[in-house]
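Here are the chains, one letter per residue:
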Amino acid sequence: MFAGFVALGGWQVQRLAWKTELIAQVEARINATPQPAPGPDAWPSMSRDKDQYRRVTVRGVFLHDQEALVQAVTDYGPGFWVMTPLRADAGFTVLVNRGFVSPERRLASDRATGQVAGDQTVTGLVRMTEPKGGFLRANDPAGDRWYSRDVAAIAASRDLSQVAPYFIDADATPNPDGWPKGGLTVVRFANSHLVYALTWFGMALLTLVGYGVLVREVRRRRRSP
């Protein structure tokens, strides 16, 4: 038991080092100078660990008539993410999470000022696709009900081609009339590995203490008449 608890504690120390490095990498990414959004040549090598939260920029035209609304809960309350395809000048299409809208602004006609036309430049963070749906609720493409930002499913439902396998969370640059509200990406990592490590090492110590008590009791009984 002692060896097992020590091994578990050591594993958590390794996890702590990994998580600390990951947090440092993400902090560097979100504060870096934005780079051009990855194009088709880079897509096969993209991964969540390597590319999530990279700060990028892309220029193109929004296809507002193809937007999808994904249910969301933010500091503004319940509502929707506005996922809008952007036909990039570089020749591909990428879904852009333009930001949050309240239920009262679900219809594009209720936020017509924010449906910007012409070439637009978007700066934001790379986010990898969220397939299948949310907790206990699967996406329903046929009913146009979305609970996660599933890039492939949304692209297929809109009959889009050459679509990037990621989406971009737009930054907080205000949209006309203030909607959608961008810049709401939550970058948070649970990091309780130090607590877990101390717990396992503590259990190892208690195992030694218990063993010592047991040995002392056995010796006492052997000495007893």
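Our subject is the structure listed above.
A brief structural summary. Bear in mind that the values here come from a model prediction, so they are computed numbers and not experimental data.

Calculation notes
Residues numbered from 1 in each chain as written. Predicted model: local features only at pLDDT ≥ 70, side-chain atom pairs only at ≥ 80, totals over all residues. Heavy atoms only, no water. Helix = DSSP H or I, 4+ residues; strand = E, 2+ residues; numbered from the N terminus. Rg over C-alpha atoms; globule rule 2.2 N^0.38 Å. Patch = residues over 30% accessible without salt bridge, like charges linked within 9 Å, V, L, I, M, F, W, Y side chains within 5 Å. Areas by Shrake-Rupley, 256 points an atom, 1.4 Å probe, with all protein chains shown as cover. Salt bridge = Lys/Arg side-chain N within 4 Å of Asp/Glu carboxyl O. Expected span 1.5 Å × (residues − 1). Buried < 20%, exposed > 50% of the residue type's maximum accessible area, 1.4 Å probe, protein only. Pairing = 2+ DSSP bridges. Core = buried A, V, L, I, M, F, W, Y, C linked by side-chain atoms within 4.5 Å. Contact = heavy atoms within 4.5 Å. Polar contact = N/O pair within 3.5 Å; in protein donor to acceptor, adjacent residues only side chain to side chain. Phe/Tyr/Trp six-rings, centres within 6.5 Å; stacked < 30°, edge-to-face > 60°.

**What about the overall build of the protein chain?**
Counting its secondary structure elements, the protein chain contains four helices and nine strands. Written out in order from the N terminus, the α and β elements of the protein chain read α-β-α-β-β-β-β-β-β-β-α-β-α. Against the compact-globule benchmark of 17 Å for 225 residues, the protein chain has a radius of gyration of 25 Å, which places it well outside the compact range. Structurally, the protein chain occupies a C-alpha span of about 95 × 35 × 30 Å along its principal axes.

**Topic: a nonpolar patch on the surface**
The grouping of Phe2, Val6, Val13, Phe201, Leu205, Leu208, Val209 and Val213 at the surface amounts to a nonpolar patch, some 650 Å² of accessible area in total. Mapped by element, the contributors of at least two residues to the nonpolar patch are helix H1 (2–30) and helix H4 (193–223). Per element, the largest residue contribution to the nonpolar patch is five residues, and it comes from H4. Following the sequence through the fold, phenylalanine 2 ends up in helix H1.

**Overview of H4**
In this model H4 runs 45 Å from its N-terminal to its C-terminal C-alpha over 31 residues, within 8% of the 45 Å that 1.5 Å per residue would give. Every buried residue of H4 is listed here: His193, Ala197 and Ala204.

**Describing the pairing of strand E4 (residues 77–88)**
Within E4, ten of the twelve residues are buried, which leaves it mostly tucked inside the rest of the structure. As paired elements, strand E2 (residues 55–62) and E4 share three bridges and run antiparallel to each other. Following the sheet pairing, valine 61 is matched in E4 by arginine 87. Of the strand pairs in this sheet, strand E3 (residues 68–74) and E4 are connected by seven bridges, and their pairing is antiparallel.

**Observations regarding the nonpolar core**
A general feature of soluble globular proteins is that nonpolar side chains tend to end up buried together. Grouped together as the largest cluster of nonpolar side chains are 21 residues, with contacts concentrated most on Val70, Met83, Leu95, Trp146 and Ile154. Those elements that provide at least two residues to this core are E3, E4, strand E5 (93–101), helix H3 (151–157) and strand E9 (163–170). Dropping the residues within four chain positions of it, tryptophan 146 is found in contact with Ala68, Leu69, Val70, Gln71, Asn139, Pro141, Ala153, Ile154, Ser157 and Arg158. Ranked by size, the runner-up nonpolar core spans 19 residues in total, among them Ala37, Phe62, Leu86 and Ile168.

**Some remarks on the side chain of asparagine 139**
When you line up the elements, asparagine 139 lands in the loop between strand E8 (137–138) and H3. The exposure class assigned to asparagine 139 is buried, which follows from its relative accessible area of 12%. Only 3.1 Å separates the side chain of asparagine 139 from the side chain of serine 148, close enough to count as a polar contact. Those residues in contact with asparagine 139 that lie beyond four places of it in its chain are Lys132, Gly133, Arg145, Trp146, Tyr147, Ser148 and Asp150.

**Details of the packing of aromatic side chains**
Counted by the stated rule, this structure contains four aromatic pairs. Their ring planes at 20° and their centres at 5.8 Å tell us that phenylalanine 5 and tryptophan 200 sit as a pair that is stacked. One end of the pair, phenylalanine 5, is in helix H1; the other, tryptophan 200, is in helix H4, and 195 residues separate them in sequence. For tryptophan 200, a relative accessible area of 27% puts it in the partly exposed group. An angle of 80° between the planes, with centres 6.3 Å apart, marks the rings of tryptophan 81 and phenylalanine 100 as edge-to-face.

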